[in-house]
Amino acid sequence: MAELEGLEFGKSDFVLLDEVNMEQFMENLKLRFEKARIYTFIGEVVVSVNPYKQMDIYGKEAIDAYRGRELYENPPHLYAVADAAYKAMKRRAKDTCIVISGESGAGKTEASKYIMQYIAAITNPSQRAEVESVKNVLLKSNCVLEAFGNAKTNRNDNSSRFGKYMDINFNFNGDPTGGHINNYLLEKVRLLRGGSEEMLGSLHLQNDPVNYVYTREGATSNNDRSNHRAVLSALQVIGFSEEEIDSIYRILGTILILGNLQFETDSESVQVVGLEAVSHIAGLTTTKPDNVTKSLLFRTVATGGGEVIEKGHTEKEACFGRDAFAKALYERLFCWIVARINAVIEVKDYNPVLHGKNTVIGVLDIYGFEIFENNSFEQFCINYCNEKLQQLFIELILRQEQDEYQREGITWQHIDYFNNQIIVDLVEQPHKGIISVLDEACLTVGKVTDTICLESMDAKLGQHPHYTSRKLTPSDKTMEFHRDFRIRHYAGDVTYSVEGFLDKNKDPLFQDFKRLMYNSSNPVLKEMWPDGQLSITEVTKRPLTAATLFKNSIVALVDKLGCKEPYYVRCIKPNEMKSPVLFDDARCQHQVAYLGLLENVRVRRAGFAYRQPYARFLQRYKMTCEYTWPNHLMETDREAVEAIVTQHGFQDDVAYGHTKLFVRTPRSLFTLEQERAALIPILVLFLQKVWRGALARMRCQRMRAIYAIMGCYKRYKVKAHFWEVERRFTNVRNMADYGKSVEWPTPPAALAQFDSITQQLHRRWRARQIVKNIPPSDMGEVRAKVAALGALSGERKDWGCGRPWERDYLSNVRDCPQTSSNFIRISKELRNKDQYNQVLFSGFCRKVNRFNKSTDRALFITEKHIYKLDPKKQFKVLKRLPLESVSTGLSITAGVDQMVALHTSSQDDVLLYIQRGELCPNQDRIGELLGTLIDHFTRCTGHFSQIFPRIRTGKVTGSPL
């Protein structure tokens, strides 16, 4: 911890202060606040100062840094205490609790949310759906409870107006399985902003809190539209139905309209001003308007003889009843919401035999000690609660210290501390305490006023050292006669005004309102008021007072906390301006005092300020002793620790427990820290040097191994490639295609060129094998087809490769049955005349002239001439061209047409369209003509490109080229 937070940030644990006094405590607290270190330890207690700004210390990285670590391994943080509570629960199967306290605006609600988020983040690593569902509901419940239990006040924009204790149940794996929520002393809350215009219209409301009495005070700066959406989403996730959510809005609307109701006195009776509001209330609560009016203006009373009469209210009584009804509506609504959440998150179908032990982490977020200019019944209850919690806090801290001393075999020393049991008794003692006096006054028949109650307290408690009033100390002018009394709390003196105590203590709600709500047609509203089913004659037992109910709930809470291992978060409000830079010394000192933080430090430091297991102490400080660095040779870690202590001369300042070393004063610890800090840079340099050398040697060894492996692997891959080629091509001589269908294996990079040459050799060998089997009579056709294939280069899809080439189609009886005999005669005459030896091609065609006119002709090509014949005139020779004259080139198209252009050296080009004969109507003969000419010129000249330099494929039009 000292490494992570230097001395410039102050002491990260108040236990390590040189002297325990208020001055040093405040100096350290202020320094850490100014350095943006808002958390500080007191042993295992976290002191949190509200920073009034967003801080980047709560993300996933922070969660990972604190997960599974000890408290002292990281700087102080909420996550540290949350992880400590979780580890104690999981490792030792102990129920734990985290108590968060502080005054309004100190950051308690935010602290509880961060703790919940941390616990949710570190649990359920396997992402089981049912556990994720429980975690989601637990987190969403915070949002709902904040919306209905928090309010904007002059001291805090999001002030909790209730105390909340949440038990989170965990299974044996440490995953949350459910929970339970208890709430304490609900006050008022914000209600209005955030709803849509349609929703507000259905509730007969306006979107301005200033228009309503109950929301007027804190309505200046709330912007809750996004919060409203979040709350609505949370309600749906938790499992509230649409009908239930609608009922919630209806009740809220009823409360706001109730607050604006006015009464007037008409002669002797009291009337409601404006019956429209009564109709709206009746509509929202699904009751009858007459019954609403009757409940507001009359009270049903049963006489001693069993007779039921209706007693009309005065205007003051009607206002009192209206406000009591509104408060009761909201209280019942809030308690119903808590009960609905509990029904969802409670552990279901739990069997210890099947599921193992069920452990609990409790999180208590409760109001802190309050001292205002005017302190009333609420402050009295809140401060009584804090007295009980302070008493528990000191007792548990002392118990923890004593238990640890006994476990370690250290002699326990008595610790003097202020025991506030005397103040607790002043409030709760039967028959004598303030609550008993209040209850007695509420039960007394007749007109009992707050002043009479104060006189009764003065009479019974006048001798108590922690109670006084103006009557008992007439010279104290800070109190008013017949109004004020003062209690000396552990946190300071608080003056209370007794005005309103009796009204707030007794149940102010008339039974008529309970029956009105129970008879509502809305099942949700009816469920909230089960006591309304009793008739007026059945309601005989007076309900418990508010103070007694609160006392009972706090006693139950303290008993629940007392059986758990506690962890504490003490929240401090640095200033009233909500400024992230202002530190009000007087205000903070007051909070430190009433939170009992100095008392906590003194208890923690009583006897020994610091304690650490031997193994961890040795690991941290072994470099400060020559006998323990780098590793000791002693039998136990305790002996090694004794060697460190002896070398530094701290023998008189320590005690040795069974597993821990106890250090009496922080000065000894700081001496060790300073020496360690001086040695760390030297050790770091030495370790860096050794480690760099080790890394270099390891890298060298790895590189050598890598190169050796690479060489062997390359050789293996080459051989494997040869073996694979040999395996695949072993029997290609016996294959019909001589290995054409055999896939070549992918060669290694080193054999890429070799593989290319090998494939080329295989193709040549395969071609030779194929050619060897071709009869000599077919070789001319094969050469022509090869020539056509090379010249076309894939430009023409179908060029007659797969059929036999007849060449002399005009002489073929099958192709030209009617004209073949005439052509054979003419060809013999031309052979005798021109002395040609070979017919290269003959066939019918259509000639296109320069005027784009076409005529039927016959094409006859020999090795010497090209003849254009007229088939209609007995194949009369129309034109004779030397074959060498077309050596300029020829052009064909890439399509399926049979058009060809012969380019002559005299630029007298001939455009022909080869016609198909009867042998096959779909024959393509262009490829045959092209291949035959190329083969002829190749054999005559050695290379056809010398004769045909312009063989082209492309679009040929009807005009001459």
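It should be noted that the structure appears before, not after, this text.
So, how was this worked out
- Residues numbered from 1 in each chain as written.
- Predicted model: local features only at pLDDT ≥ 70, side-chain atom pairs only at ≥ 80, totals over all residues.
- Heavy atoms only, no water.
- Helix = DSSP H or I, 4+ residues; strand = E, 2+ residues; numbered from the N terminus.
- Rg over C-alpha atoms; globule rule 2.2 N^0.38 Å.
- Contact = heavy atoms within 4.5 Å.
- Buried < 20%, exposed > 50% of the residue type's maximum accessible area, 1.4 Å probe, protein only.
- Phe/Tyr/Trp six-rings, centres within 6.5 Å; stacked < 30°, edge-to-face > 60°.
- Lys NZ or Arg CZ within 6 Å of the ring centre and 35° of its normal.
- Axes fitted to C-alpha atoms, helices over the stretch in contact; angles between N-to-C directions.
- Parallel < 35°, antiparallel > 145°, perpendicular 65-115°, else oblique.
- Core = buried A, V, L, I, M, F, W, Y, C linked by side-chain atoms within 4.5 Å.
- Pairing = 2+ DSSP bridges.
- Patch = residues over 30% accessible without salt bridge, like charges linked within 9 Å, V, L, I, M, F, W, Y side chains within 5 Å.
- Areas by Shrake-Rupley, 256 points an atom, 1.4 Å probe, with all protein chains shown as cover.
- Salt bridge = Lys/Arg side-chain N within 4 Å of Asp/Glu carboxyl O.
- Lys, Arg positive; Asp, Glu negative; His and termini not counted.
- Disulfide = S-S within 2.5 Å.

A. Inspection of the overall build of the protein chain at higher detail. On a plain count of helices and strands, the protein chain comes out with 29 helices and 27 strands. Its C-alpha radius of gyration of 51 Å places the protein chain more than 25% over the 30 Å reference for a compact globule of 961 residues. Its C-alpha atoms give the protein chain principal-axis dimensions of roughly 160 × 95 × 55 Å. Across the protein chain, contacts joining residues at least 24 apart in sequence account for 63% of those joining residues at least 6 apart.

B. Local environment of unusual backbone geometry. Geometrically, the link from Trp 629 to Pro 630 is a cis peptide bond, its omega value of -5 degrees lying close to zero. Secondary-structure assignment places Pro 630 in the loop between helix H23 (614-621) and helix H24 (637-648). The phi angle at Tyr 52 is positive, at roughly 55 degrees, despite the residue not being glycine. For Tyr 52, the position within the fold is in the loop between strand E2 (45-49) and helix H2 (60-66). Look at Arg 807: it is not a glycine, yet its phi comes out positive at around 70 degrees. Inspection of the secondary structure assignment puts Arg 807 in the loop between helix H27 (779-792) and helix H28 (820-834). With a relative accessible area of 13%, Arg 807 lands in the buried category.

C. View of the packing of aromatic side chains. Under the definition given, this model contains 30 aromatic pairs. Centre to centre, the rings of Tyr 809 and Phe 841 are 6.1 Å apart; their planes meet at 70 degrees, and the pair counts as edge-to-face. Here Tyr 809, found in the loop between H27 and H28, pairs with Phe 841, found in strand E20 (residues 839-848); they are 32 residues apart in sequence, far enough to count as distant. Tyr 809 sits in the buried class, given a relative accessible area of 0%. Residue classification places Phe 841 among the buried residues on the basis of a relative accessible area of 1%. Members of the aromatic cluster, joined through ring pairs, are Phe 377, Phe 380, Tyr 467, Phe 485, Tyr 496 and Phe 501. Positioned above the aromatic ring of Trp 529 is the side chain of Arg 332, whose terminal nitrogen or guanidinium carbon lies 4.1 Å from the ring centre.

D. The packing of H27 against helix H29 (residues 926-941), seen in detail. The N-to-C vectors of H27 and H29 enclose an angle of 105 degrees; their axes lie 7 Å apart at closest approach. For the element pair H27 / H29, the angle class is roughly perpendicular. Contacts between H27 and H29 involve Gly 780, Arg 783, Ala 784, Ala 787, Ala 788, Ala 791 and Leu 792 on the former and, on the latter, Gly 927, Leu 930, Gly 931, Thr 932, Ile 934, Asp 935 and Arg 939.

E. Quick peek at the nonpolar core. Ranked by size, the top nonpolar core spans 101 residues in total, and within it Phe 148, Phe 240, Leu 329, Leu 333, Ile 337, Ile 341 and Trp 529 carry the most contacts. The biggest single contributor to this core is helix H11 (residues 315-345), with 14 residues.

F. Quick look at the sheet that holds strand E13 (residues 467-469). The strand order across the open sheet formed by three strands is E13-E14-E15, and the pairing between neighbours is antiparallel. Two strands in the sheet have a free side with no partner beyond their single neighbour: E13 and strand E15 (492-497). Within this sheet the neighbouring strands show an average axis-to-axis angle of 25 degrees, counted without direction. Note that E13 and strand E14 (residues 484-489) share three bridges and pair antiparallel. What sits directly across from Tyr 467, in E14, is Ile 487. Strand contacts of helix H13 (residues 377-408): E14 and E15, with the helix running at about 150 degrees to E15, the strand carrying the most contacts.

G. Main features of a nonpolar patch on the surface. Side chains of Ile 709, Tyr 713, Tyr 716, Phe 722, Trp 723 and Phe 754 sit close together on the surface and give an oily, nonpolar patch of about 690 Å² of accessible area. The element best represented in the nonpolar patch is helix H25 (residues 666-728), accounting for five residues.

H. Representation of the side chain of Lys 11 in the model. Tracing the backbone through its elements, the reader meets Lys 11 in the segment before helix H1 (22-34). With no salt bridge to any partner, buried Lys 11 finds its closest opposite charge in Asp 18, at an N-O distance of 4.5 Å. Not counting the four nearest positions on each side in its chain, Lys 11 is found in contact with Leu 16, Leu 17, Asp 18, Asn 28, Arg 32, Thr 40 and Phe 670.

I. Layout of the packing of helix H4 (residues 108-122) against helix H5 (residues 129-149). Close contact between H4 and H5 brings their axes to 10 Å; oriented N to C, the two are set at 170 degrees. With respect to each other, H4 and H5 are oriented roughly antiparallel. Contact with H4, carried on its side by Thr 109, Lys 113, Met 116, Gln 117 and Ala 120, involves Lys 135, Leu 138, Leu 139, Asn 142 and Glu 146 of H5 and no other residues of that element.

J. Quick peek at the sheet that holds strand E6 (residues 163-170). Taken in spatial order, the seven strands make up an open sheet running E1-E2-E16-E3-E12-E6-E7, and their pairing is mixed. Looking at which strands have only one partner, the edges of the open sheet turn out to be strand E1 (39-42) and strand E7 (176-184). Averaged over all neighbouring strand pairs, the angle between strand axes comes to 15 degrees, with direction disregarded. Looking at chain direction, E6 and strand E12 (residues 359-365) are connected through seven bridges and run antiparallel. Bridging from a neighbouring strand, Tyr 165 pairs with Leu 364 of E12. Against the sheet, helix H3 (residues 78-92) engages E1, E2, strand E3 (96-101), E6, E12 and strand E16 (565-572), with an angle of about 170 degrees to E16.

K. Molecular detail of the state of the cysteines. Within this structure, the stated rule accounts for zero disulfides. No disulfide involves Cys 700; its nearest neighbouring cysteine sulfur is the one of Cys 712, lying 18 Å away. Here Cys 845 is not cross-linked by a disulfide; its sulfur's nearest cysteine counterpart is in Cys 816, at 12 Å. By relative accessible area, Cys 845 is classed as buried at 1%.

L. Geometry of the environment of Met 634. Relative to the elements of secondary structure, Met 634 occurs in the loop between H23 and H24. Met 634 sits in the partly exposed class, given a relative accessible area of 27%.

M. Looking closely at the pattern of salt bridges. For the coordinates displayed, the defined rule picks out 33 salt bridges. When the shortest N-O distance is used, the salt bridge between Arg 250 and Asp 246 registers 3.0 Å. In this pair, Arg 250 and Asp 246 both sit in helix H8 (residues 242-259), four residues apart, roughly one turn of the helix. Two residues, Glu 576 and Lys 573, come together in a salt bridge whose shortest N-O distance is 3.3 Å. The exposure class of Lys 573 is buried, given its relative accessible area of 0%. A single salt-bridge network, built from bridges that share partners, covers Lys 60, Asp 64 and Arg 67.

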